[in-house]
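Here is what each chain is made of, one letter per residue.
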Amino acid sequence: MVRSPLNEPMTRNQCPIMIRTRLIKELLSFLFLPFVLSVPVSNGESARNILMISVDDMRDWTNFLGGYTGEVHTPHMDSLAARGINFTNAHCPSPVCNPSRTSVMTGLMPSTTGIYDNSQWLRPNYPDKMTLPKYFKQKGYYVVGAGKSFHHTAGNNPPDQWHDYFRFPWADFPWTRSNKLAYPWTEWQPPPPGYPFSKVEYLRGRQEMDWGVLPRKESEYDDVLVADYAIDFLESHSGEAFFLSVGTFHPHLPWYIPKRYRDLYEEPEIHLPETPENDLVDIPAIPQRWAERHRDEMEAVKDAGEWEEAVRFYLASISFADAQVGRVLEALAKSPHADNTIIILWSDHGWHLGEKDHWHKSTLWEEATRVPFIIATPEMETAGETSSAPVNIVSIFPTLIGLIEIESDIDFDGPDLGPLLANPNAPWPHASLIDFGYGNTAVRDKRWRYIRYSDGSEELYDHQSDPNEWKNLATNPSYQSVKDELAKHLPSHYANYVPGKDRFVFDPDKWTFTDKDTGRVVHGKQ
């Protein structure tokens, strides 16, 4: 494959922004300096740094996973996969942002925490719960982040977990950020001329449901600014041990991108998902209802003749996210930290683009749960190999603790992936679990996907013969023993839903949560 200039990381001169002034750089250096004096050690040696990169709503449509029939321009993530372990059967803890990211940050499944959707906060429900940034901060790491690490709405990312954090400015589409509980720091602005950019009039006013090229410079896009922050940190930090979390918002809706990324997909044929007629006739009532959500939007897109263009912009958004990943990785490679940094890349869940007659996430099928997941460590002997073991990104927390060799007594739901990093084909007795709401869980092993819903109904798919999950085998008595074996992995208990946001008064300035029933105040500031 011949790379276009687009696939090379942008240089600093190509992306001038105001946070890159000499004054800010000197300030960053000054702020980071004191923490050089308190550097954690492991086995008598300087501890390794950690760079954790997350992308949003990215399914398995990358070259290194091959989920898309055609070519996807993801050269930087492909390059990372070539020098790390590419987990080809990796899944999310939940097919929706907040519970999935909460699971990554705590190492606990939704069925353990009771955080099942985007309407719940971790901090006021679990004030003392250990999280990834909190843990490394307590261990003496300098802990910084930018973009989307926890869920992106206000209240999900208390500042006391970080030494510094650059949150999204939401300058790309402020007309979708009118909810002051979710976006108290964002000033609403009306949409610019040309909205909706998708040309699908039915989608007007439907929050994030749009795509197109924004009338703004590439250097001003939110995800570019997030990558800029990470680059500035990597260039200015002089300490030995840091935990840096960088999260892009792409390819989350709206799929707004600079034009040159759409141009990557102008000539190649766009491969639309296969959607067999009557694909849903053999599935239970609960997933039938889930699949129906947002179907009106999907039908409007199809009726407007814009399905192909929607898929094109999703692919372009993936490439835009990949470009930001490349810029951060290039900055790391040029920094003094290059040979002493663990890199982890993951997506919080996948996405449907018409499969199962569904548009969006929020199902327990393969399209919504399979995600990119790469771990690269310094001097990795298994670099470039793949592992088809069923794993889950809930294992990130315990795996990092194992890699830095710090003792911990935290009980995690996910197993340490260390054995697979040493030998990608090592025996692996675990299955990957995906929770979606109370009592609904998918079990994924190397061959099968088994789903049990809260009403006892089931689905079973054989990925050897049916990788698209078109034939539900759950009602066939011949597969009862398969179901029984997979069911052993199901949660033994489901935590009740913890109180939602309406239970608390959140003060975004003081970063306090006040329980309306008890009056208890939980703080989230330094």
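Sequence order as written defines residue numbering, which begins from 1 separately in each chain. This being a predicted model, a pLDDT of at least 70 is required before a residue's local features are given, and a value of 80 or more before pairs of side-chain atoms are given or counted; all residues contribute to the totals for chains, interfaces and linings. The side-chain quantities take in all heavy atoms of the structure and omit both hydrogens and water.

To continue, consider the overall build of the chain. Counting from the N terminus, the helices are the DSSP runs of H or I reaching at least four residues and the strands are the DSSP runs of E reaching at least two. Each helix and strand counted, the chain has 14 helices and 23 strands in total. By the compact-globule yardstick of 24 Å for 526 residues, the chain fits well, its C-alpha radius of gyration being 22 Å. Contact between two residues is taken to exist if any of their heavy atoms lie within 4.5 Å; hydrogens are not considered. For the chain, restricting intrachain contacts to residue pairs at least 6 apart in sequence, the fraction spanning at least 24 positions comes to 73%. Carbon together with sulfur atoms contributes 50% to the accessible area of the chain, which is approximately 20900 Å² in total. Note that the radius of gyration is over C-alpha atoms, with the globule rule given as 2.2 Å times the number of residues to the power 0.38. Per-residue accessibility takes into account occlusion by the displayed protein chains alone, with areas from the Shrake-Rupley method and a 1.4 Å probe.

Another aspect to go through is the sheet that holds strand 17 (residues 432-435). Between any two strands, pairing holds if DSSP finds at least two bridges. Spatially, 4 strands are ordered 17-18-19-20 in an open sheet, and the strand pairing comes out antiparallel. With one partner strand each, in any of the chains shown, strand 17 and strand 20 (458-462) form the two edges of the open sheet. Here the strands of the sheet are splayed against their neighbours by 15 degrees on average, with no regard to which way each runs. Relative to strand 20, strand 19 (residues 448-452) is paired through 5 bridges, and the arrangement is antiparallel. Looking at strand 20, one finds that Arg449 is bridged to Tyr461. Lines fitted to C-alpha atoms define the axes here, with helix axes fitted over just the stretch in contact, and angles between the N-to-C directions of these axes take values from 0 to 180 degrees.

Mapped onto the fold, Ser236 is located in helix 6 (residues 222-236). Throughout this description, buried means an accessible area under 20% of the type-specific maximum (1.4 Å probe, protein chains only), exposed means over 50%, and partly exposed covers the range between. Here Ser236 falls in the buried class, since its relative accessible area comes to 8%. With 110 residues separating them along the chain, Ser236 and Trp346 place their C-alpha atoms 25 Å apart. In protein, a polar contact requires one atom able to donate a hydrogen and another able to accept it; more generally it is a pair of N or O atoms within 3.5 Å, and residues adjacent in sequence count only if both atoms are side-chain atoms. Within the structure, Ser236 has its side chain in polar contact with the backbone oxygen of Asp232 (distance 2.7 Å).

When a carboxyl oxygen of Asp or Glu lies within 4 Å of a side-chain nitrogen of Lys or Arg, that pair is called a salt bridge. All chains considered together, the criterion is met by 31 salt bridges. Between Arg206 and Asp296 there is a salt bridge, with the nearest N and O atoms lying 3.3 Å from each other. On the criterion of sequence distance, the pair formed by Arg206 in the loop between strand 7 (164-166) and strand 8 (211-212) and Asp296 in helix 9 (residues 295-303) is long-range, its members being 90 residues apart. The partly exposed category is assigned to Asp296, whose relative accessible area is 36%.

Going from Tyr195 to Pro196, the amide bond is cis rather than trans, its omega being -5 degrees. Along the chain, Pro196 falls in the loop between strand 7 and strand 8. Backbone geometry at Lys356 places phi at a positive 60 degrees, although glycine is not the residue there.

What follows concerns the packing of aromatic side chains. For any pair of aromatic rings, geometry is given as the distance between the ring centres together with the angle between the planes. When two rings of Phe, Tyr or Trp (its six-membered ring) have centres within 6.5 Å they constitute a pair, described as stacked for plane angles under 30 degrees, edge-to-face for angles over 60, and tilted for the intermediate range. In this structure the tally under the stated criterion is 40 aromatic pairs. For the pair Trp121 and Phe506, a centre-to-centre distance of 5.4 Å together with 50 degrees between the ring planes defines the contact as tilted. Here Trp121 is found in the loop between helix 4 (110-113) and helix 5 (132-138), whereas its partner Phe506 is found in strand 21 (residues 504-507), with 385 residues between them in sequence. Owing to a relative accessible area of 11%, Phe506 belongs among the buried residues under this scheme. Here the aromatic cluster, defined as three or more aromatic residues joined through ring pairs, consists of Phe168, Trp170, Phe173, Trp175, Tyr183, Tyr195, Phe197, Phe249 and Tyr256. A ring is considered to have a charge above it if a Lys NZ or an Arg CZ atom is located within 6 Å of its centre and within 35 degrees of its normal. Across from the ring centre of Trp185, 4.0 Å away, lies the NZ or CZ of Arg167, which sits over that ring.

Right, let's talk about the nonpolar core for a bit. The tendency in soluble globular proteins is for nonpolar side chains to be buried side by side. Put simply, buried Ala, Val, Leu, Ile, Met, Phe, Trp, Tyr and Cys residues joined by side-chain atoms within 4.5 Å make one nonpolar core. In terms of nonpolar packing, the biggest core is built from 77 residues, with Leu51, Trp211, Leu244, Trp255 and Trp359 touching the most fellow members. Sorting elements by how many residues they give to this core places helix 10 (residues 307-334) first, with 16 residues. In contact with Trp255, other than residues within four places in its own chain, are Asp210, Trp211, Gly212, Ala310, Phe313, Tyr314, Ser317, Trp351, Leu353 and Trp359. Ile283, Trp290, Ala389 and Trp428 belong to the second largest nonpolar core, which has 57 residues in total.

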